[in-house]
Amino acid sequence: MKKIFFLFIFLLSISIFSQENLFAVFPDSIKENANAVIKNNKTVIIFSSYNSMVVRKYRVITVFNELGLKNMNAYEYMDNSTSIINIEATIYDAFGSEIKKIKRKDFKENSVSEGSIITDNRVLYLDYTPVKFPFTMVYQSEISTSNTAFVPSWYPIEDFYVSILNSSINIQYASDVKLKSKEFNFDDKVLKIETKGSLLYSIKNFKAFRKEELAPSLSKFTPYVIFGLNKFQIEGVEGSAESWEVFGKWMHDVLLSDTEEIPQTTQLALAKLIGNESNNLKKAKIIYEYVQNKTRYVSIQLGIGGWKPMLARDVDRLGYGDCKALTNYTRSLLKKFNIPSYYAVVYADDQKRDIVEDFVSMQGNHVILGIPDVNDNITWLECTSQTLPFGFQGDFTDDRKVLLVSGEASKIVKTKAFLNEQNYQKTTSKVTLNDDNSVRCSVVINSKGIIYDNKLVLKKSNNDYIKKYYADYFNVISEKKITKAIIEDDNKNLELNEIVEFESNDFVKPNQDKIIVAVNCINQFSFVPKKHKDRKIPFEIERGFCYEDESIITIPSNYKVDSVPNEQNVSNEFGNYICKIEVNGNNVIYKRKLLIKSGYYAADKYESYRKFRELVARSENNKMLLILK
């Protein structure tokens with residue numbers, strides 16, 4: 001039976017990887033908005049058993065310009081369990097004549113580091129500099145691996161500005177292999193053919209998307225499929241993905257349970273720091289800060305497929321580790337003091353992505369720690385950071401589904417979300433316009449939520465950077481001198497306070513007997529999304545926020561206020577905007593509150609949102625008129 005299976009696969013691969021029409025000629029509709037056109041992209045994945053995967057790729061792409069070079073995607077990874085059997089490419093000119101044939105020895109090889117210093121992963125990649133555009137590349141590769149925990153997904157729409165003529169994936173699997181798949185964003189453009197031992201998806205003639213303002217990631221509105229096996233192997237270790245409970249127990253028992261040993265000297269040192277403290281969260285905070293002071297982050301891609309953390313005692317001895325190692329080290333320390341915590345797998349990025357709850361498989365790219373209380377509320381710790389406060393995540397892992405790993409009851413839960421008003425900035429300022437045309441400003445900014453997270457970099461910045469930052473930030477007033485800048489991190493309340501003073505000698509410009517001056521000269525919010533005449537794709541406001549400002553503007557004593565802008569009060573599905581101006585003698589009191597709500601919207605709502613932001617921008621730039629008394 002196996003001989004028949006392999007003969008079938010061999011014949012299939014011959015028919016799939018056939019000669020293409022290599023002329024760089026396309027209909028105008030396919031070339032429109034395209035930096036490159038994928039003429040043919042075929043992947044064949046073969047499972048002869050649960051612990052054997054072969055992946056064959058055949059890719060024909062025509063590149064029109066320099067921007068399309070990043071879409072060549074001619075590379076393969078290898079490690080101790082993955083071998084590159086074949087890799088080659090041929091370059092053709094616009095008329096289909098061969099320019100260059102590139103064999104394996106001509107591909108470049110590098111460590112897959114991305115900042116790592118310890119890894120056994122390597123990559124072979126094509127580094128080709130074209131003489132002339134357009135050109136066409138034909139790329140073929142074959143890899144073989146015993147690691148079957150990570151089955152390649154099918155993302156036919158690979159990037160903006162890339163058209164697709166043909167893209168397909170064909171998975172062939174033996175009768176004892178249990179393949180599973182999950183489809184996203186499907187429509188009638190995707191062809192699916194499923195037979196015994198075979199699953200095929202394909203798509204044809206897909207026109208390139210232009211990347212429009214506020215475009216979501218392609219995975220949110222274009223079709224793709226993920227795959228997995230119920231029974232898999234990783235670095236010679238068998239695993240099961242029948243359910244999250246089973247999978248999580250496998251992770252706990254195989255990856256974590258033998259890594260928890262902590263030296264006695266460290267336990268004694270921590271016991272001394274904890275003293276008589278009995279509250280678990282307060283004890284956990286002491287331990288977390290101990291880890292922050294003792295360790296540093298180093299990316300390590302070793303262990304079972306890069307998923308098994310190094311031993312806790314080695315982290316203790318060396319003082320460094322990756323996300324797995326530092327999270328597991330902290331978990332092991334907490335365990336010594338009877339504080340329960342969960343190793344949690346997450347997709348970490350400033351763009352949110354969930355663990356797919358109804359598809360049990362190896363997912364995620366990062367690990368954090370969750371500490372439950374008696375009500376099952378969870379305090380989340382980012383153990384790779386030496387600066388983040390206890391219990392604060394930031395935008396790297398907030399508001400997404402993660403896997404809590406447990407020996408008894410692994411499950412999917414959601415991390416803390418910072419919603420709309422919780423991402424808050426309050427700016428209070430005093431602006432004094434002087435008789436000599438100069439201006440003095442005193443500003444206090446209080447930030448919370450994700451805005452707090454984004455501004456933490458200021459705490460670590462040098463004086464030159466900070467002065468340049470505020471010179472750019474307060475951009476309504478030109479030629480200014482920053483005279484004071486204090487950054488106060490209230491990490492107990494998770495707030496950042498900025499105290500800034502600056503002055504300018506040439507801000508107020510009298511015109512005969514009158515002065516026209518911006519009412520909001522401290523913190524204008526003037527961004528307007530780009531206009532799209534015929535928007536094609538949805539748009540997304542991934543994170544909501546709220547800015548509130550109050551400014552007292554003192555005008556020169558020999559002037560009076562002649563006119564101020566009208567009050568604004570606008571509310572809609574995207575947020576609301578309130579702006580009020582009061583005059584009290586020589587003081588003008590400006591109050592503004594802007595709320596932008598997070599949301600995912602259809603393309604036909606984009607213009608309404610743009611007009612809302614346009615209204616806000618106009619109001620932000622309003623002027624008041626001062627005249628001589």
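To start, this report covers the structure provided alongside it. (Residues numbered from 1 in each chain as written. Predicted model: local features only at pLDDT ≥ 70, side-chain atom pairs only at ≥ 80, totals over all residues. Heavy atoms only, no water.)

1. Points about the state of the cysteines
Convention followed: Defined by distance alone, a disulfide is two cysteine sulfur atoms within 2.5 Å.
Overall, the coordinates contain 0 disulfides when judged by the stated rule. Between C383, a free cysteine, and C323, which holds the nearest cysteine sulfur, the sulfur-to-sulfur gap is 9.7 Å. Looking at the unpaired C441, the closest cysteine sulfur is the one in C521, lying at 5.5 Å.

2. Structural notes on empty space enclosed by the protein
As a reminder of what qualifies: Here a cavity is any set of points on a 1 Å grid over the protein atoms alone where a 1.4 Å probe fits but cannot get out, and a pocket is any open set with protein on both sides within 12 Å along at least 5 of 7 lines; a residue lines the site when it has an atom within 4 Å of a point. Grid points are joined across faces, edges and corners, and a volume is the space filled by probe spheres set on the points. In this classification, the charged set is Asp, Glu, Lys and Arg, the nonpolar set is Ala, Val, Leu, Ile, Met, Phe, Trp, Tyr, Cys and Pro, and all remaining amino acids, among them Gly, are polar.
By the definition in use, this model includes 3 cavities of 30 Å³ or more. Considered as a void within the structure, the largest cavity measures approximately 50 Å³ in volume. Lining the largest cavity we find V519, N520, P565, N566, Q568, C579, I581, Y590, S619, E620 and N622. Class assignment of the residues belonging to the lining of the largest cavity gives a composition of 5 nonpolar, 5 polar and 1 charged.

3. Things to note about the side chain of N497
Using the following cut-off: To qualify as a helix, a DSSP run of H or I must reach at least 4 residues; to qualify as a strand, a run of E must reach at least 2; elements of each kind are numbered from the N terminus. Here a polar contact is recorded for every N or O atom pair within 3.5 Å, except that within protein the pair must consist of a potential hydrogen donor and a potential acceptor, and residues adjacent in sequence are included only if both atoms are side-chain atoms. Any two residues whose heavy atoms approach within 4.5 Å are treated as being in contact.
Topologically, N497 is positioned in strand β28 (residues 495-504). Of note is the side chain of N497, whose polar atom sits 2.8 Å from the side chain of N446. Excluding residues that lie within four positions of it along the chain, N497 makes contacts with I445, N446, I486, I487 and E488.

4. Topic: the pattern of salt bridges
This is how the line gets drawn: In what follows, salt bridge is the name for a side-chain nitrogen of Lys or Arg lying within 4 Å of a carboxyl oxygen of Asp or Glu. The rule is simple: take the accessible area with a 1.4 Å probe, protein chains only, and divide by the maximum for that residue type; under 20% is buried, over 50% is exposed, in between is partly exposed.
If you walk through the whole model with that rule in mind, you get 40 salt bridges. Across the pair D159 and K70 runs a salt bridge whose closest N-O atoms are separated by 2.3 Å. Residue D159 is located in the loop between β9 (135-145) and β10 (162-173), and its partner K70 is located in the loop between β2 (52-63) and β3 (75-78); the two are separated by 89 residues in the primary sequence. Salt-bridge contacts for D399 lead to K352; the nearest nitrogen and oxygen are separated by 2.8 Å. Within this pair, whereas D399 is found in the loop between β22 (378-381) and β23 (401-405), its partner K352 is found in the loop between β20 (342-346) and β21 (366-372), the two being separated by 47 residues in sequence. On the basis of relative accessible area, D399 is assigned to the buried category, the value being 15%. Beyond isolated ion pairs, a larger network of salt bridges with shared partners links K531, E607, R610, E614 and R618.

5. A short note on the side chain of N41
Tracing the chain through its elements places N41 in strand β1 (residues 36-49). Residue N41 is classed as buried on the basis of its relative accessible area, which comes to 14%. Within polar-contact distance, the side chain of N41 engages the side chain of R59 at 3.0 Å. Sequence-distant contacts of N41, defined by excluding residues within four places in its chain, comprise Y58, R59, E158, N166, S167 and S168.

6. Some words on a nonpolar patch on the surface
Using the following cut-off: Like charges are joined within 9 Å and nonpolar side chains (Val, Leu, Ile, Met, Phe, Trp, Tyr) within 5 Å, but only among residues with over 30% relative accessible area and no salt bridge; these make up the patches. Accessible areas in this description were obtained via Shrake-Rupley with a 1.4 Å probe; residue shielding takes into account the shown protein chains only.
Together, F23, V25 and F95 give the surface a local cluster of nonpolar side chains, amounting to about 370 Å² of exposed area. On the basis of relative accessibility, which here comes to 65%, the residue V25 falls in the exposed class.

7. Observations regarding the packing of aromatic side chains
This is how it is decided: Only the six-membered ring of Trp is used, alongside the rings of Phe and Tyr, when aromatic pairs are assigned; centres must lie within 6.5 Å, and planes under 30 degrees apart are stacked while those over 60 apart are edge-to-face, with the rest tilted.
A full pass over the atoms with the stated rule returns 34 aromatic pairs. Seen in terms of ring centroids, Y75 and Y77 are 5.7 Å apart; in terms of plane orientation they differ by 70 degrees. Their pairing is edge-to-face. Under the relative-accessibility criterion, Y75 is labelled partly exposed at 34%. On the basis of relative accessible area, Y77 is assigned to the partly exposed category, the value being 46%. When the ring of F474 is compared with that of F502, the centres are 4.8 Å apart and the planes differ by 25 degrees; the resulting orientation is stacked.

8. Things to note about the packing of helix α5 (residues 280-294) against helix α7 (residues 323-336)
For any two helices packed against each other, the geometry is given by the interaxial angle and the distance between the axes. So the rule is basically this: Fitted lines through C-alpha atoms give the axes, limited to the stretch in contact for helices. The angle between two N-to-C directions lies from 0 to 180 degrees. Our angle categories are set so that under 35 degrees counts as roughly parallel, over 145 as roughly antiparallel, 65 to 115 as roughly perpendicular, and the remainder as oblique. In this scheme the handedness of a crossing depends on how the near helix is turned from the far one: anticlockwise by less than a right angle means left-handed, clockwise means right-handed.
Relative to each other, α5 and α7 sit at 140 degrees, their axes nearing to 10 Å. Put simply, α5 runs oblique to α7. You can see that α5 and α7 cross each other, and the crossing is right-handed. On the side of α5, the interface is formed by A284, I287, Y290, V291 and K294, while α7 contributes Y329, T330, L333 and L334. Looking at side-chain class alone, the contact of α5 with α7 contains 7 nonpolar, 1 polar and 1 charged residues.

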